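So you can see what is in the structure, the chains are spelled out below.
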Amino acid sequence: MSADVKITTARERVAAKHKHPVNQLFHDEATLGERVADHAAAGIGSWWFLIIQSFLIAIWVTLNSVEFFTHRWDLYPFILLNLMFTIQAAFTGPVLLLSGNRQAQKDRLRLEHTAEVAEVAEKATVEILKEIERNTEATLQVLEHLKKRRDSKSPSGAQS
Amino acid sequence: MAQADAPESHAVVHRLRQKHRNPNAAHKHPVNKAHYEEASRGARVADQVSAALGSWPFIIIQSVLLLAWAAVNYWGLFVRHWDPYPFILLNLVLSFQATYAGPIVLLAGNRHAQKDRITLEHMADEADKGEEQINRILVEIKKNTDLTLRILKELEAESA
């Protein structure tokens, strides 16, 4: 393995400074609220969250159903657990939109950047075409010049 | 600052930064123009609703109201408890919120999917335009090469 082929983990890539201007604006220059939003969305949308949530539900149900435990706070049919689920859903929706809005903003900015780059590229292409046309024009003139010289030489006899 | 194009790319980033901080700025990319500036009233309302629901103020205000509701009804800060532990009415209110949050998330998602579709169509158009330009450049270079070859023949005939 050569030294410059370095495989980075997703965490390292996220921590690194970005090259694309849109990534720089969105990730390197993100405000505190935007950073927290990214972390919240990443936290809720992860296997860890799902696994820990499942564990907590199992513990809650066990502690409240087995008669061995004396301090049961939420008996069958677990009305308070229902409230906890609803609270989770009530916050997941807004966080989902928070993250979605941020993605939409990024998409908007990316298109703007594409338009800027496309404008520069189109200008360059037009200039290249113009330059080649100028070259063709010059080459044509060289050809005309040569033809004229040959025509003026041949009838008057060989001088060379 | 060695590169000649550095100031231009700085200007691009500056313009992008302004557009990033001000969502109402005029857009350059045709897809952004069509999606934001020429949006129908329903689409505008959908954008505003999803922006409001997916924002930190909404999440913070919801948290405060939720805690206040639970505190008032648990410790009895007022004479009349309208929703005693385990807060069944609060459950209903939050379920109501979640019932609307789901469709609003999809509303925003659908709008984004539509934008994605238009973006791809625009890219296909641009690709066609680029191909046409490249073909024109190729034709021009071929013309130039033909001329250069004719000059070569002239020169060969002259020196023969």
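Residues numbered from 1 in each chain as written. Chains lettered and ligands numbered in written order. Predicted model: local features only at pLDDT ≥ 70, side-chain atom pairs only at ≥ 80, totals over all residues.

### What to know about the overall build of chain A
Looking only at helices and strands, chain A features five helices and zero strands. In chain A, buried positions account for 14% of the 160 residues. For chain A, the proportion of contacts with a sequence separation of at least 24, taken over those separated by at least 6, is 49%. (Helix = DSSP H or I, 4+ residues; strand = E, 2+ residues; numbered from the N terminus. Buried ≥ 20, exposed ≤ 12 C-beta atoms within 10 Å, placed from the backbone. Contact = placed C-beta atoms within 7 Å.)

### Points about the overall build of chain B
The number of helices and strands found in chain B is five helices and zero strands. Starting at the N terminus and walking to the C terminus, you meet the elements of chain B as α-α-α-α-α. Whereas a compact globule of 160 residues would reach a radius of gyration of roughly 15 Å, chain B reaches 31 Å, over 25% beyond that. Along the longest, intermediate and shortest principal axes, the C-alpha atoms of chain B span 115 × 35 × 25 Å. Here chain B, with 160 residues, has 10% of them falling under the buried criterion. Counted over contacts in chain B with a minimum sequence separation of 6, partners at least 24 positions apart contribute 49%. (Rg over C-alpha atoms; globule rule 2.2 N^0.38 Å.)

### Structural notes on the confidence of the model for chain A
Of all residues in chain A, 86% have pLDDT values of 70 or greater, and the mean over the chain is 85. Here helix α1 (residues 10-15) of chain A is the element of chain A with the lowest mean pLDDT, 57, and helix α4 (residues 47-65) of chain A is the one with the highest, 93. (pLDDT = per-residue confidence, 0-100.)

### Things to note about the interface of chain A and chain B
Taken residue by residue, the interface counts 45 residues in chain A and 51 residues in chain B. Within the residue set of the side of chain A that touches chain B, elements represented by two or more residues are α2 (21-28) and α5 (79-153) of chain A. Tallying contributions element by element places α5 of chain A first for the side of chain A that touches chain B, with 40 residues. Each residue belonging to the side of chain A that touches chain B can be placed in one class, and the counts come to 26 nonpolar, 12 polar and seven charged. (Nonpolar A, V, L, I, M, F, W, Y, C, P; charged D, E, K, R; others polar.)

### As for helix α5 (residues 88-159) of chain B
Residues three or four positions apart in an α-helix share a direction because the helix packs 3.6 residues into each turn. With 72 residues, α5 of chain B extends 104 Å from end C-alpha to end C-alpha; this agrees with the ideal 106 Å at 1.5 Å per step. Those residues of α5 of chain B lying buried are N91, L94, A101, A108 and T119 of chain B. Against α5 of chain A together with α2 (30-37) and α3 (41-53) of chain B lie the buried residues of α5 of chain B. (Expected span 1.5 Å × (residues − 1).)

### Description of the packing of α3 of chain B against α5 of chain B
All names here are of chain B. The contact between α3 and α5 brings their axes to 10 Å, and the two run at 125°. Classed by the angle they form, the pair α3 and α5 counts as oblique. In the packing of α3 onto α5, the handedness of the crossing is left-handed. Contacts from A43, A46, V49, S50 and L53 of α3 reach α5 at A101, I104, L107, A108 and R111. In terms of residue class, the contact of α3 with α5 is made up of eight nonpolar, one polar and one charged. (Axes fitted to C-alpha atoms, helices over the stretch in contact; angles between N-to-C directions. Parallel < 35°, antiparallel > 145°, perpendicular 65-115°, else oblique. Left-handed = near helix turned anticlockwise from the far one by under 90°.)

### Observations concerning unusual backbone geometry
Omega for the bond connecting Y76 of chain A with P77 of chain A falls within 30 degrees of zero, at 10°, which places this linkage in the cis form. The omega torsion of the bond from Y85 of chain B to P86 of chain B falls at 10°, within 30 degrees of zero and hence cis. Structurally, P86 of chain B is set in the loop between α4 (56-75) and α5. Phi at F78 of chain A takes a positive value of approximately 55°, unusual for a residue other than glycine. Topologically, F78 of chain A is positioned in the loop between α4 and α5. With 17 C-beta atoms packed within 10 Å, F78 of chain A lands in the partly exposed category. The backbone of F87 of chain B sits at a positive phi, close to 55°, despite the residue not being glycine. Of note, F87 of chain B is situated in the loop between α4 and α5. Overall, the presence of 22 C-beta atoms within 10 Å leaves F87 of chain B in the buried class.

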